[in-house]
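# Descriptive structure summary
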Amino acid sequence: MRVLAVHPGPLMYTKIFLRLEPLGLELVAAAVRQAGHEVRLIDLQVENHPAFFRLADAWRPEVLLFSCNYLANIPEILDLAKAVKARLPRTVICVGGHSASFVAKAILEHGEGAIDCVLRGEGEACTPPLLAAIEAGADLASVPGAVTMDGEGPAPGFVHSLDDLLPARDLLRHRRKYFIGVLDPCASIEFSRGCPWDCSFCSAWTFYGRSYRLLSTERVIEDLRRIREPGIFIVDDVAFVQERHGMALGEAVARAGIKKRYYLETRGDVLLRHKEVFRFWKQLGMAYMFLGLEAIDEDGLKKYRKRVPLGRNFEALEFARSLDVHVAINLIADPDWDHERFRIVREWCLEQPEIVNISVNTPYPGTESWVTEERRLQTRDYRLFDIQHAVLPTRLPLDEFYGELVATQRAIYRKHIDWRDIRGVAGISTRLLLRGQTNFVKSLFKLNSVYRPEVLLADHRAPVKYEIPLPPPAPARDTPREPIGGRSLYIHAPRGRAGRAIDAATEHFVDETRMGATP
């Protein structure tokens, strides 16, 4: 069959700071190809809707697969699906991905018949059986992970082995359009999948059932050899949780003579526990590190259940600085912040040598905070669930909250791109331009034009076509409540210790640094 895989367009943040290769969709495309089907891929982060419709009209796919990793993309996907269904009524249209897995029924209802099914769980595992069912004319609701208006299939299963597939990187038509900061161009790769922790604001652990799986050294090296881009973004939720795996990968990269520049994300406690791994990867080309500190006080860390003591977070930051890599910090702004709290955070950020990114506390379906957050949503517009907008009630008037948020983020970036640094930025920009790379240079001019209080406010006033379903009501005080981390939160059922490819000492470390109630 002819299968067209589609990644939706960019969100506000990706219009400014980064544009990442759709690695998950490339893996699904590889599974489709391995199953014997013809597949094409279009990424609307770098191509436009007219290009998508031209491709659909000319190629007339029998199956259309939309990737939906972010809630804010749901309205775009719905509108595209309805338009394609009107043009190609016999095309089977499916939606899958991380966020789609948590709101499958709502997507089907919004689709009003345009969407035939939503796939929950890992796309590489459930897409080939879905295509086989379509080809055989079977009931789609019989497929594991499939949800239709008429029923729901068995629970989704994991892909048999993360080593089974290499991403279909050849399907992307504009590979040089992907970047993160000065890593321009930049490809993406995974070394592991899943997260054994259970932060209240995150849905990685509920999607993967607190599992943690590793790719083999051989598979990673094979993939790295195929990547031409000089920059690599390691997509792991937490890099190098398992020390032995991190060292083995590093040794294999060194033996293979692979020269790349890497960007990774990790936790402060993992960084301190596995210092030698990160020192080794600095030698191999690790140039950027993203640390999710989330808060600068103990109350904030407790709220998000990071369970990393404040002192340890700052110790991890000092160690990251000692590696002489570019460090980026993430903090979470709560809508309850007032002018004084913004002032304190802004002053702290300006004292740090690192770039600090501030995201807005946003409860998502699939997160624990979606179930436990007692503040009522102020909007149900999917487009605003992008960690850049406030969807919970703000203590300040909304215009003042956005004024403080934007002023803080702009002050941070002005500090790093001002007259003192202009020669360094100019040098980097010139080198990239001489290689024909314009992504980073263009991003320097986008912050003030895209990230403005009036733009954020206008987004709240835009007509709302699709609304996210409300979270479940809080139970009465005397009503027994499912324990936090209960199984209803999960997409893939937890397999306990057997589902985590970490040694006993690391399992003990994870247990000490989390507060979940279930394995």
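Now for a look at the structure at hand. Computed from a predicted model, the values in this text were never measured in an experiment.

## Regarding the overall build of the chain
Looking only at helices and strands, one finds 21 helices and 17 strands in the chain. Here the chain holds 519 residues, and 59% of them are scored as buried. When contacts within the chain are restricted to residue pairs at least 6 apart in sequence, those whose partners lie at least 24 apart make up 78%. In the form shown here, the chain has an accessible surface area of approximately 21800 Å², with 52% of it arising from carbon and sulfur atoms.

## Here's the deal with the pairing of strand S14 (residues 261-266)
Note that strand S13 (residues 231-234) and S14 share 3 bridges and pair parallel. By the bridge assignment for S14, glycine 231 is matched with arginine 261. Traced from S13 through helix H9 (residues 243-256) to S14, the parallel crossover comes out right-handed. Pairing of S14 with strand S15 (residues 286-294) involves 5 bridges; the strand directions are parallel. Across the sheet, residue tyrosine 262 finds its bridge partner in S15, namely methionine 286.

## Let's talk about unusual backbone geometry
The omega torsion of the bond from aspartate 184 to proline 185 falls at 5°, within 30 degrees of zero and hence cis. As for its position among the elements, proline 185 is in the loop between strand S9 (179-180) and strand S10 (186-189). In this structure, aspartate 324 is a non-glycine residue whose phi angle is positive, near 60°. As for its position among the elements, aspartate 324 is in the loop between helix H13 (310-322) and strand S16 (326-333).

## A look at helix H5 (residues 104-111)
Buried residues dominate H5, accounting for 6 of its 8 residues. For H5, every residue scored as buried is listed here: Ala104, Ala106, Ile107, Leu108, His110 and Gly111. Directly after H5, the chain includes glutamate 112, whose backbone phi takes a positive value near 50°.

## Observations concerning the pattern of salt bridges
For the structure shown, the criterion picks out 36 salt bridges. A salt bridge links arginine 173 to glutamate 47, with the shortest nitrogen-to-oxygen separation between them at 2.6 Å. Of the two residues, arginine 173 is situated in the loop between strand S8 (151-152) and S9 and glutamate 47 in the loop between strand S3 (38-43) and helix H2 (49-59); the sequence distance between them amounts to 126 residues. According to the relative accessible area criterion, arginine 173 is partly exposed, its value standing at 49%. You can call glutamate 47 buried: its relative accessible area is 14%. Of the charged contacts, one joins arginine 383 and aspartate 381 as a salt bridge, the two residues approaching to 2.8 Å between their closest N and O atoms. The exposure class of aspartate 381 is buried, given its relative accessible area of 2%.

## Some words on the side chain of arginine 169
Relative to the assigned elements, arginine 169 resides in the loop between S8 and S9. In this structure arginine 169 comes out as buried when scored by relative accessible area, which is 5%. For arginine 169, the contacting residues outside a window of four places in its chain are Glu21, Leu23, Glu26, Arg175, Ala187, Ser188, Ile189, Asp223, Arg226 and Ile227.

## Regarding H9
Between its first and last C-alpha atoms H9 spans 20 Å; for 14 residues at 1.5 Å apiece the expected length is 20 Å, and the two agree. Along H9, the residues classified as buried are His245, Gly246, Leu249, Gly250, Ala252 and Val253. When H9 is viewed along its axis, its buried side chains cluster within an angular range of 165° and face the same direction. Turned more than 90 degrees from where H9 packs its buried face, Arg244 and Arg255 sit exposed. Looking at the buried residues of H9, the elements they touch are strand S12 (212-214), helix H8 (217-226), S14 and helix H11 (275-284). Positive backbone phi, at 70°, marks glycine 257, one or two positions downstream of H9.

## Concerning the environment of lysine 82
Residue position: lysine 82 is located in helix H3 (residues 74-87). Setting aside residues no more than four positions away along its own chain, lysine 82 makes contact with His110, Gly111, Glu112, Ala114 and Tyr466. A polar atom in the side chain of lysine 82 sits 3.1 Å from the side chain of tyrosine 466.

## A few points about the sheet that holds S14
The 6 strands are arranged S10-S13-S14-S15-S16-S17 in an open sheet whose pairing can be described as parallel. Since the sheet does not close on itself, it has two edges, and those belong to S10 and strand S17 (355-360), each with one partner. Each neighbouring strand pair of the sheet contributes to a mean axis angle of 20°, computed without reference to strand direction.

## Describing the packing of H3 against H5
Each pair of packed helices can be described by the angle between their axes along with the distance between the axes. Put simply, H3 and H5 touch, their axes get as near as 10 Å, and they point 45° apart. One way to sum up the angle between H3 and H5 is to call them oblique. Note that H3 runs across H5; the crossing there is right-handed. Packed against H3, whose contacting residues are Ile74, Leu78 and Lys82, the element H5 presents Ile107, His110 and Gly111 at the interface. For the contact of H3 with H5, the residue count by class is 3 nonpolar, 2 polar and 1 charged.

Rules of the game
Residues numbered from 1 in each chain as written. Predicted model: local features only at pLDDT ≥ 70, side-chain atom pairs only at ≥ 80, totals over all residues. Heavy atoms only, no water. Helix = DSSP H or I, 4+ residues; strand = E, 2+ residues; numbered from the N terminus. Buried < 20%, exposed > 50% of the residue type's maximum accessible area, 1.4 Å probe, protein only. Contact = heavy atoms within 4.5 Å. Areas by Shrake-Rupley, 256 points an atom, 1.4 Å probe, with all protein chains shown as cover. Pairing = 2+ DSSP bridges. Right-handed = clockwise from strand over helix to strand, strands pointing away. Salt bridge = Lys/Arg side-chain N within 4 Å of Asp/Glu carboxyl O. Expected span 1.5 Å × (residues − 1). Arc of directions from axis to C-beta. Polar contact = N/O pair within 3.5 Å; in protein donor to acceptor, adjacent residues only side chain to side chain. Axes fitted to C-alpha atoms, helices over the stretch in contact; angles between N-to-C directions. Parallel < 35°, antiparallel > 145°, perpendicular 65-115°, else oblique. Left-handed = near helix turned anticlockwise from the far one by under 90°. Nonpolar A, V, L, I, M, F, W, Y, C, P; charged D, E, K, R; others polar.

Interpretation in functional terms is not warranted from these geometric data alone.
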